[in-house]
Amino acid sequence: MPRFAANLSMLYPELDFLDRFEAAARDGFRAVEYLFPYAYPALELAARLRANGLQQVLFNAPPGNPDGSERGLASLPGREAEFRAGIARALDYAQALDCPRIHVMAGLVAHGSTRDAVQAIYVQNLRWAAAEAAKSGRDLLLEPINTRDVPRFFLNRQDHAHAVIELVGAPNLKVQMDLYHCQIVEGDVATKIRKYLPSGRVGHLQIAGVPERHEPDVGELNHAYLFAVIDEVAAQCGWDGWIGCEYRPRQAAAGGTSAGLDWLRSGNFQDPPARRPGA
Ligand SMILES: O=C(O)C(=O)[C@@H](O)CO
Ligand SMILES: [Mg+2]
């Protein structure tokens, strides 16, 4: 059975952020992820993790401009010093939170520029950052994100992320494979799980129903089937990562997140998938 982490940036929206740790533990989660820890002292976050028996499995490096208009600095020309300072800050938090991986967002392609024009900067920044993270044994992750939610985001496709990792050539640089974005941009999700999970370059998975980004039991993706595929492939290749539950609960009112976890409690995704055509 896959291991699920609660994404505290999206789940339990009715609670103050620091109270979401306890709520997640009460719902049976053993691990959490969230976007940004920087508004809180690392010691306070570490205490919440400890008090609730939770493991921190992922958070993001600083995204850039504090007004929220930027979505990462890794591919942005002229921002290299800020990028490096952000990675250093993230690594300090990762140390305090004992978190093994950090998501490094690629950033937006500026109007008038192109992906090709900034790819060399992206690769160079990532090479430096991966070497820094390796000093403390941590992984850095790249996430392809759909451009319906984030127009002009640099990295949108799984194959692009894997190609960048090849170019950088760092074993601790991996993909954050968010099946929600993957379905919106490219589809054929089960095949992509079968293709990429055994590559050793997928560091983390995330899920949400498509297209509304609600619970995984609503929408066009059959997660029960996908979880069985993940189980099957993971058993074959030894993948032992986490699956982040990164969705907006349908009921945002008190108790709505817990009520919406029936898909997890039912555990009805443990049957092996039907034979694939041609398999
Ligand atoms: O939006 C997503 O999907 C994420 O996983 C975020 O980490 C992007 O910032
Ligand atoms: Mg995601």
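Along every chain, residues carry numbers that run from 1 in the direction the sequence is written. Starting at A for chains and at 1 for ligands, labels are handed out in the order in which the entities are written. Only residues with pLDDT of at least 70 are given local features in this predicted model, and only at 80 or more are side-chain atom pairs given and counted; all residues enter the totals for whole chains, interfaces and linings.

**Regarding the packing of helix α2 (residues 42-51) against helix α3 (residues 80-97)**
And step 1. Running from N to C, α2 and α3 cross one another at 35°; their axes reach a closest spacing of 9 Å. You can see that α2 and α3 cross each other, and the crossing is right-handed. Seen from α2, the contacting residues are Ala42, Leu43, Leu45, Ala46 and Leu49; seen from α3, they are Tyr93, Ala96 and Leu97.
And step 2. Here the term charged refers only to Asp, Glu, Lys and Arg, the term nonpolar to Ala, Val, Leu, Ile, Met, Phe, Trp, Tyr, Cys and Pro, and the term polar to all other amino acids, Gly among them. Partitioned by chemical class, the residues of the contact of α2 with α3 number 8 nonpolar, no polar and no charged. Only C-alpha atoms enter the line fits that serve as axes; for helices the fit covers just the stretch in contact. Angles between N-to-C directions range over 0 to 180 degrees. Numbering of helices and strands runs from the N terminus, with a helix taken as a DSSP run of H or I at least four residues long and a strand as a DSSP run of E at least two residues long. When the near helix sits turned anticlockwise from the far one by under a right angle, the crossing is termed left-handed; a clockwise turn instead gives a right-handed crossing. Contacts are defined on C-beta atoms placed from the backbone: any two residues whose C-beta positions lie within 7 Å are in contact.

**With respect to the site of ligand 1**
And step 1. Residue proximity rests on one test: whether the C-beta atom, placed from the backbone, lies within 6 Å of the molecule or strand. Around ligand 1, the structure places Leu35, Asn60, His103, Met105, Glu143, Ile145, Asp178, His181, Gln206 and Glu246.
And step 2. Residue classes in the shell around ligand 1 are distributed as 3 nonpolar, 4 polar and 3 charged.

**Observations regarding the nonpolar core**
And step 1. Buried Ala, Val, Leu, Ile, Met, Phe, Trp, Tyr and Cys residues form a nonpolar core when they are connected through C-beta atoms within 7 Å. Exposed residues have 12 or fewer other C-beta atoms within 10 Å of their own C-beta, buried residues have 20 or more, and residues in between are partly exposed; the C-beta atoms are placed from the backbone. If you look at the biggest cluster of nonpolar residues, it comprises 77 residues, and the most contacted ones within it are Ala5, Val32, Ile102, Val104 and Leu179.
And step 2. The leading source of residues in this core is α3, at 7 residues.

**Some remarks on unusual backbone geometry**
Across the chain, the bulk of peptide bonds are trans and the bulk of non-glycine residues have phi less than zero.
And step 1. Note that the residue after Val210, namely Pro211, is joined by a cis bond; omega there is 10°.
And step 2. Tracing the chain through its elements places Pro211 in the loop between β7 (202-207) and α8 (223-237).
And step 3. Here the phi dihedral of Tyr12 falls at roughly 60°; this positive angle occurs in a residue that is not glycine.
And step 4. Structurally, Tyr12 can be placed in the loop between β1 (3-7) and α1 (20-26).
And step 5. On the neighbour-count criterion, Tyr12 (25 C-beta atoms within 10 Å) is buried.
And step 6. Although it is not a glycine, Arg152 sits at a positive phi angle of roughly 70°.
And step 7. Turning to its location among the elements, Arg152 is positioned in the loop between β5 (139-142) and α5 (158-168).

**Concerning the sheet that holds strand β8 (residues 242-245)**
And step 1. Ordered by their spatial adjacency, 8 strands build a closed barrel running β1-β2-β3-β4-β5-β6-β7-β8, and the pairing between neighbours is parallel. Taking the axes of each pair of neighbouring strands and ignoring which way they run, one obtains an average angle of 30° across the sheet.
And step 2. Strand pairing is assigned whenever DSSP identifies at least 2 bridges connecting the two strands. Sheet topology places β1 next to strand β2 (residues 31-33); 2 bridges connect them, and they run parallel. Bridged to Asn7 within β2 is Glu33.

**Quick look at helix α7 (residues 189-196)**
And step 1. Residues of α7 that are buried: Val189, Ile193 and Tyr196. Along α7, the residues classed as buried sweep out an arc of 85° about the axis, all on the same side. Note: the arc covers the axis-to-C-beta directions of the helix.

**Notes on the UniProt feature "domain: Xylose isomerase-like TIM barrel" (unreviewed entry) in the chain**
And step 1. The UniProt record annotates "domain: Xylose isomerase-like TIM barrel" (unreviewed entry) at residues 21-266.
And step 2. The span residues 21-266 is 42% helical and 13% strand by assignment, and the distance between its end C-alpha atoms comes to 22 Å. UniProt positions are given in the numbering used here, feature names are shortened, and annotations may be inferred rather than shown by experiment.

**Let's talk about α3**
And step 1. For α3, built from 18 residues, the straight-helix expectation of 26 Å at 1.5 Å per residue is met to within 8% by its first-to-last C-alpha distance of 26 Å.
And step 2. By the burial criterion, the buried members of α3 are Phe83, Gly86, Ile87, Ala90, Leu91, Tyr93, Ala94 and Leu97. Projected onto a plane normal to the axis of α3, the buried residues spread over an arc of 165° and lie on a single side. Those residues of α3 that are exposed and aimed more than 90 degrees away from the buried face are Ala81, Ala85, Asp92 and Gln95.
And step 3. Among the structural elements, α2, β3 (55-60), β4 (101-103) and α4 (115-134) are those in contact with the buried residues of α3. One fewer than the residue count of a helix, multiplied by 1.5 Å, yields its expected span.

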